[in-house]
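# Understanding the architecture of this molecule
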Amino acid sequence: MCLPPPSAPEGRQCLPPPAAVKRPDRLVLGPAAGQGRPDRLQCQGLKAVNKIGLSSERNYSGGHVTFVTVFTTYNSDPAETGKMSSNVVTVGKHSYSKVGRSMAILNTFITFIQVSMPRSNVIILTDPNSKFSINYGSAAMLPIKGNYSRGNLMLQRIRSYITFLEQKHMELETVKDLNHFIFTDSDIAVINDLGHIFKEYPHCHLALTFRNNKGQPLNSGFVAVRGTRDGIFKAIEFFKEVLEAYRLKYMKASRMLGDQLALAWVVKSHLPSAFGKFSGHEVFTGEVNGASILFLPCAVYNWTPPEGAGQFHGMPLDVKVVHFKGSRKRLMLEAWNFYNSTSELSDMLCLILRSGRTKYDF
């Protein structure tokens, strides 16, 4: 019950705060952006008129590719994952607790890679105290000590990347096969082969993705590292500089933004000319503190639903990665269910294109 304060005029009512708007718990279809543009995916309903061109791993001979992501769960017990609770959500025929849906997103991340790049594998960097397991032959967990609390996760992610790369640098003494690395968020869908990055740009040590966003022009959810001795060493030094910038300048930033602000600061410190190219759509290279960096457009290598409806003007026909940032995790699971039932990747992308304007319940 809401009572007026003693000083309130007689008859004045104290109203309760407005209720939070309930976000959709099912897909909401809207118009598909980019219709009428020949270089964008064209959709009639959920049917693709022009197909996304899929490359083949068979034509790639530039070395093995390993995907690396940082993942942990909070207050979790595997025995509780499937139980009903107040925060249960339903996607298709499956119901998930809060931990269960995080695991479903991780599993979907892995299965998309298995479809698009079946010869690749996935390494999950995690807190040694994490209580979850992965049942995919192509995926493995690698515990790395650190502070994986929610507020520190982005900072820890950089530290875990550095520790992982230092281990790989040491292993080069005994490993002969070339193995490249792509560090990503776990809420992405790889829908096309990415091995060509390392073959077509043989002199680049790292690859970052850019967009036309003044505050956050670089997205930290996709970083590629060449698996040579020089490539790994340059990546370690680069991540160390990003970590230092984060620690000194951006500790008070929102917990999901500090690493991206630090990433942009490091690049701008060494290569200010890059910022004049982020409004374009062309791949370019530049040197950052001795490391040769390949800059890839987010529109192709880190496509997101809201930006697809906005600055990307739809979905390019050569899109490689879809990133379900923010409250679009439901869409990631729904998209996989659709693909699993139809085996039509281009049609699935129409579903994403038409559904991505909406912020969902998770």
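Just so we're clear, the structure is a prediction, and the values are computed from it rather than from any experiment. (Residues numbered from 1 in each chain as written. Predicted model: local features only at pLDDT ≥ 70, side-chain atom pairs only at ≥ 80, totals over all residues. Heavy atoms only, no water.)

### What to know about the overall build of the chain
Helices and strands together make up the secondary structure of the chain, namely nine helices and 14 strands. Relative to its full complement of 362 residues, the chain shows a buried share of 52%. Considering only intrachain contacts with a sequence separation of at least 6, the fraction spanning at least 24 residues in the chain is 69%. Put simply, the chain shows about 17300 Å² of open surface, and 52% of that area lies on carbon and sulfur atoms. (Helix = DSSP H or I, 4+ residues; strand = E, 2+ residues; numbered from the N terminus. Buried < 20%, exposed > 50% of the residue type's maximum accessible area, 1.4 Å probe, protein only. Contact = heavy atoms within 4.5 Å. Areas by Shrake-Rupley, 256 points an atom, 1.4 Å probe, with all protein chains shown as cover.)

### Thoughts on the sheet that holds strand β11 (residues 218–225)
An order of β7-β6-β3-β8-β11-β10-β13-β12 is seen for the eight strands of this open sheet, with the pairing classed as mixed. With partners counted over all chains shown, the strands left at the sheet margins are β7 (139–143) and β12 (284–288), one partner each. Between one strand axis and the next, the sheet turns through 25 degrees on average, direction left out of account. Where strand β6 (residues 121–126) meets β7, five bridges bridge the pair, whose relative direction is parallel. Among the inter-strand pairings, threonine 126 is bridged to a residue of β7, identified as proline 143. (Pairing = 2+ DSSP bridges. Axes fitted to C-alpha atoms, helices over the stretch in contact; angles between N-to-C directions.)

### Description of the state of the cysteines
The final tally for this structure, using the stated rule, is one disulfide. Here cysteine 43 connects covalently by a disulfide to cysteine 350, the sulfurs 2.1 Å from one another. Here the S-S torsion is close to -95 degrees, and the disulfide linking cysteine 43 with cysteine 350 is therefore left-handed. Residue cysteine 43 is found in strand β1 (residues 43–44), and its partner cysteine 350 is found in helix α9 (residues 345–355); the two are separated by 307 residues along the sequence. The same class applies to cysteine 43 as to cysteine 350, namely buried. (Disulfide = S-S within 2.5 Å.)

### Re the packing of helix α8 (residues 329–342) against α9
The geometry of α8 relative to α9 is characterised by a closest axis approach of 9 Å and an angle of 150 degrees between their N-to-C directions. It follows from the interaxial angle that α8 and α9 lie roughly antiparallel. Judged by the twist between their axes, the crossing of α8 over α9 is right-handed. Packed against α8, whose contacting residues are Leu331, Glu334, Ala335, Phe338 and Tyr339, the element α9 presents Leu345, Asp347, Met348, Leu351, Ile352 and Ser355 at the interface. (Parallel < 35°, antiparallel > 145°, perpendicular 65-115°, else oblique. Left-handed = near helix turned anticlockwise from the far one by under 90°.)

### Some details on the pairing of strand β3 (residues 64–70)
On a regular strand, each side chain points to the face opposite its neighbour's, so the side chains alternate between the two faces of the sheet. Burial analysis of β3 places six of its seven residues in the buried class, which makes it a mostly covered element. Summarising the sheet, β3 and strand β8 (residues 179–184) pair through five bridges and their orientation is parallel. Pairing of phenylalanine 67 across the sheet is with isoleucine 182, part of β8.

### Quick word on helix α1 (residues 98–116)
Between its first and last C-alpha atoms α1 spans 28 Å; for 19 residues at 1.5 Å apiece the expected length is 27 Å, and the two agree. Of all 19 residues in α1, 14 are buried; the element is thus mostly enclosed. (Expected span 1.5 Å × (residues − 1).)

### So, the packing of aromatic side chains
Taken as a whole and judged by the stated rule, the model has 15 aromatic pairs. With a centroid separation of 5.6 Å and 40 degrees between ring planes, the pair formed by tryptophan 336 and tyrosine 339 is classed as tilted. Within this pair, tryptophan 336 and its partner tyrosine 339 are both found in helix α8, separated by three residues, close to a single helical turn. We note that tryptophan 336, like tyrosine 339, is buried. Three or more aromatic residues joined by ring pairs make a cluster, and in this case those are Tyr161, Phe164, Phe181, Phe183, Phe238 and Phe239. Over the ring of phenylalanine 275 we find lysine 268; its NZ or CZ atom is 5.4 Å from the centre of that ring. (Phe/Tyr/Trp six-rings, centres within 6.5 Å; stacked < 30°, edge-to-face > 60°. Lys NZ or Arg CZ within 6 Å of the ring centre and 35° of its normal.)

### Digging into the side chain of histidine 205
Relative to the elements of secondary structure, histidine 205 occurs in the loop between α3 (196–200) and β10 (206–210). Note on histidine 205: relative accessible area 11%, which makes it buried. Side-chain polar atoms of histidine 205 contact the side chain of aspartate 230, separated by 2.9 Å. Contact partners of histidine 205, with chain neighbours within four places excluded, come to Ala224, Val225, Arg226, Asp230, Gly231, Lys234, Gly290, Ala291 and Ser292. (Polar contact = N/O pair within 3.5 Å; in protein donor to acceptor, adjacent residues only side chain to side chain.)

### Brief notes about the packing of α1 against α8
A pair of packed helices can be characterised by two numbers: the angle between their axes and the separation between those axes. Between α1 and α8, whose axes approach to 10 Å, the crossing angle comes to 45 degrees. With respect to α8, the axis of α1 lies oblique. The handedness of the crossing between α1 and α8 comes out as left-handed. Every residue of α8 that contacts α1 at Ala104, Ile105, Thr108, Phe109, Thr111, Phe112 and Val115 is listed here: Lys329, Met332, Leu333, Trp336 and Tyr339.

### Considerations on the nonpolar core
In this structure, Phe67, Leu194, Met348 and Leu349 are the most contacted members of the largest nonpolar core, which totals 67 residues. Sort the elements by how many residues they give to this core and α1 lands first, with nine residues. (Core = buried A, V, L, I, M, F, W, Y, C linked by side-chain atoms within 4.5 Å.)

### Quick look at the pairing of strand β13 (residues 291–297)
With seven of its seven residues buried, β13 lies for the most part within the structure. Along β13, one buried face is formed by Ala291, Ile293, Phe295 and Pro297 and the opposite face, lined by Ser292, Leu294 and Leu296, is buried too. Direction of pairing for β10 relative to β13: parallel, over a ladder of five bridges. Counted as the bridge partner of leucine 208 is phenylalanine 295 from β13. Pairing between β12 and β13: five bridges, direction antiparallel. Bridge pairing in β13 links valine 288 to alanine 291. From the end of β12 to the start of β13, which pair antiparallel, there are two residues, and asparagine 289 there has a positive phi angle of about 50 degrees.

These results come straight from atomic positions and should not be treated as a statement about function.
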